[in-house]
Amino acid sequence: MSLRRLDRARLARDGLRIAGIIVVLFVWWLLSFHDYQHDARAYWASDLSDLYARGQVGGEDAYLYSPAFAQLFAPLTLLPWGVFAAMWAALNLGALVWMTGPAIAALLLLIPGSPVVDEVGTGNIHLLLAAAIVLAFRYPAAWAFPLLTKVTPGIGLLWLAGARQWRAMAIAVGATALISLVSFALAPGLWTDWLAVLTENAQHHVPDYAAIIPGSVLLRTAIAAVLAVIGGALGWRFMVPAAATLALPVPWSSGLSVLVAIVALARRGQLLDRAEPSSPDRGPVA
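On a predicted model such as this, the values are computed, not experimentally measured, just so you know.

A word on the overall build of the chain
Then comes step 1: Helices and strands together make up the secondary structure of the chain, namely 14 helices and zero strands.
Then comes step 2: For the chain, the sequential pattern of α-helices and β-strands runs α-α-α-α-α-α-α-α-α-α-α-α-α-α.
Then comes step 3: The proportion of buried residues among the 286 residues of the chain is 45%.
Then comes step 4: Summarising the internal contacts of the chain: among those between residues at least 6 apart in sequence, 72% fall at separations of at least 24.

What follows is the structure, encoded as structure tokens:
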């Protein structure tokens, strides 16, 4: 390729990146100063003195995650809603750009009704779950995030068992256990309340408008576990976000945003595990 063509290709790539950044910044402005991010309000409105008062799936400002998540974000609940909304929008959009790059991020944001549009508009944590999955291949402790929030997507952790990466799995389980123990020591009653809320919600059917993926959460999680183990044995990293998505406790349309992790893995050339599959006691693989 001639130098002139290389320059044109570089200019085209730079132009797409700049256009993507402009789109992302516009969406951030839109989310920061308008009445969106209804799910994010649940995190902002969480009250450690009565954390699960609104613990019903689909309810207004319903907080359903572990006490550890609420304890970590408690200082941010002191911020005015507008400031919190701007920060949360920046966090979600930052995760999206980190995984896909600005051009692909802009494309996903410009598709009307796409799961990513739904996700950034409601302010849930599905994009953050996707980012945690990508990070977990290098830093297994990142599995603590899905396990201590939506819980069932953490079944993707079984990929490490299929890959026989026992050291990485021990780090993931140990980090989650340590965070849980510290949180429990600070507020044991909240953990009792959380388990009661999870049990109660598990006995109710998912609202019809949320049933993007058919089947009960138990059935979907069981299938996801099998997929994760098979993916680990074969070295297929892309099976982890697929399994996590399948196992979502409430399959909102925005939940499909977890699959953005596959885009991130593809961009990094990490759809497949570069290490030898089924090699025992392997540590984290970058």
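So, helix α14 (residues 260-267)
Then comes step 1: Those residues of α14 lying buried are V260, A261, A264 and L265. Looking down the long axis of α14, one finds its buried residues gathered within 145° of arc, a one-sided arrangement.
Then comes step 2: Structurally, α14 contributes buried residues whose contacts are with α4 (81-100), α5 (102-110), α6 (115-122), α7 (126-136) and α13 (239-246).
Then comes step 3: One or two steps after α14, the chain reaches G269, where phi turns positive at roughly 65°.

Quick look at the nonpolar core
Then comes step 1: Counting residues in hydrophobic clusters, the biggest one holds 59 residues, and the most contacted among them are Y43, Y63, W88, L96, M99 and W143.
Then comes step 2: Discounting chain neighbours no more than four positions away, the residues touching Y43 are Y63, Y65, F69, T77, F84, W88, G123, N124 and I125.
Then comes step 3: Counting eight residues, the second-largest nonpolar core is a separate cluster that includes I155, A225, A243 and L246.

Here we look at unusual backbone geometry
Then comes step 1: The backbone phi angle of V151 is positive, close to 65°, even though this residue is not glycine.
Then comes step 2: With respect to the secondary-structure elements, V151 resides in the loop between α8 (144-147) and α9 (158-162).

Considering the packing of α4 against α5
Then comes step 1: Between α4 and α5, whose axes approach to 7 Å, the crossing angle comes to 125°. One finds that α4 runs oblique with respect to α5. In terms of crossing hand, the pair formed by α4 and α5 is right-handed. Along the contact surface, α4 presents L93, L96, V97 and T100, while α5 presents P102, I104, A105, L108 and L109.

Some words on the confidence of the model for the chain
Then comes step 1: Confidence in the prediction of the chain, expressed as mean pLDDT, is 86, and 81% of residues score 70 or more.
Then comes step 2: Segment residues 276-280: pLDDT under 50, and eleven contacts once partners within four positions in sequence are set aside and those in other chains are kept.

Observations concerning the environment of G101
Then comes step 1: By the secondary structure assignment, G101 is in the loop between α4 and α5.
Then comes step 2: Once the C-alpha coordinates of G101 and V263 are considered, the two residues, 162 residues apart in sequence, prove to be 9.8 Å apart.
Then comes step 3: In contact with G101, other than residues within four places in its own chain, are L96 and R267.

Let's talk about the packing of aromatic side chains
Then comes step 1: Counted under the stated rule, the structure contains 15 aromatic pairs.
Then comes step 2: Measuring from ring centre to ring centre gives 5.4 Å for W44 and W81, while their planes differ by 55°; the resulting arrangement is tilted. Of this pair, W44 sits in helix α2 (residues 38-44) while W81 sits in helix α4; the two residues are 37 residues apart in sequence, bridging distant segments of the chain.
Then comes step 3: For W81, a relative accessible area of 17% corresponds to the buried category.
Then comes step 4: Each member of the aromatic cluster is reached from another via a ring pair, and the members are Y43, W44, Y52, Y63, Y65, F69, F73, W81, F84, W88 and F145.
Then comes step 5: Sitting over the face of the ring of W81, R41 holds its NZ or CZ atom 4.8 Å from the ring centroid.
Then comes step 6: Over the ring of W98 we find R268; its NZ or CZ atom is 4.6 Å from the centre of that ring.

Regarding helix α11 (residues 188-202)
An α-helical segment advances 3.6 residues per turn. Residues three or four places apart therefore align on the same side.
Then comes step 1: A rise of 1.5 Å per residue sets the reference length of α11, with its 15 residues, at 21 Å; its end C-alpha atoms lie 22 Å apart and thus fit the reference within 8%.
Then comes step 2: Three or more residues of α11 are buried, namely L190, W191, W194, V197 and N201. End-on, the buried residues of α11 take up no more than an arc of 120°, which puts them together on one face. The outward face of α11, more than 90 degrees from its buried face, is lined by the exposed residues T192 and L195.

Examining a nonpolar patch on the surface
Then comes step 1: Residues V226, I230, L234, W236 and L272 make up a contiguous nonpolar surface patch of about 440 Å² in total accessible area.
Then comes step 2: In this structure, I230 sits in helix α12 (residues 217-234).
Then comes step 3: Residue classification places I230 among the partly exposed residues on the basis of a relative accessible area of 39%.

Cut-offs and rules
- Residues numbered from 1 in each chain as written.
- Predicted model: local features only at pLDDT ≥ 70, side-chain atom pairs only at ≥ 80, totals over all residues.
- Heavy atoms only, no water.
- Helix = DSSP H or I, 4+ residues; strand = E, 2+ residues; numbered from the N terminus.
- Buried < 20%, exposed > 50% of the residue type's maximum accessible area, 1.4 Å probe, protein only.
- Contact = heavy atoms within 4.5 Å.
- Arc of directions from axis to C-beta.
- Core = buried A, V, L, I, M, F, W, Y, C linked by side-chain atoms within 4.5 Å.
- Axes fitted to C-alpha atoms, helices over the stretch in contact; angles between N-to-C directions.
- Parallel < 35°, antiparallel > 145°, perpendicular 65-115°, else oblique.
- Left-handed = near helix turned anticlockwise from the far one by under 90°.
- pLDDT = per-residue confidence, 0-100.
- Phe/Tyr/Trp six-rings, centres within 6.5 Å; stacked < 30°, edge-to-face > 60°.
- Lys NZ or Arg CZ within 6 Å of the ring centre and 35° of its normal.
- Expected span 1.5 Å × (residues − 1).
- Patch = residues over 30% accessible without salt bridge, like charges linked within 9 Å, V, L, I, M, F, W, Y side chains within 5 Å.
- Areas by Shrake-Rupley, 256 points an atom, 1.4 Å probe, with all protein chains shown as cover.
- Salt bridge = Lys/Arg side-chain N within 4 Å of Asp/Glu carboxyl O.

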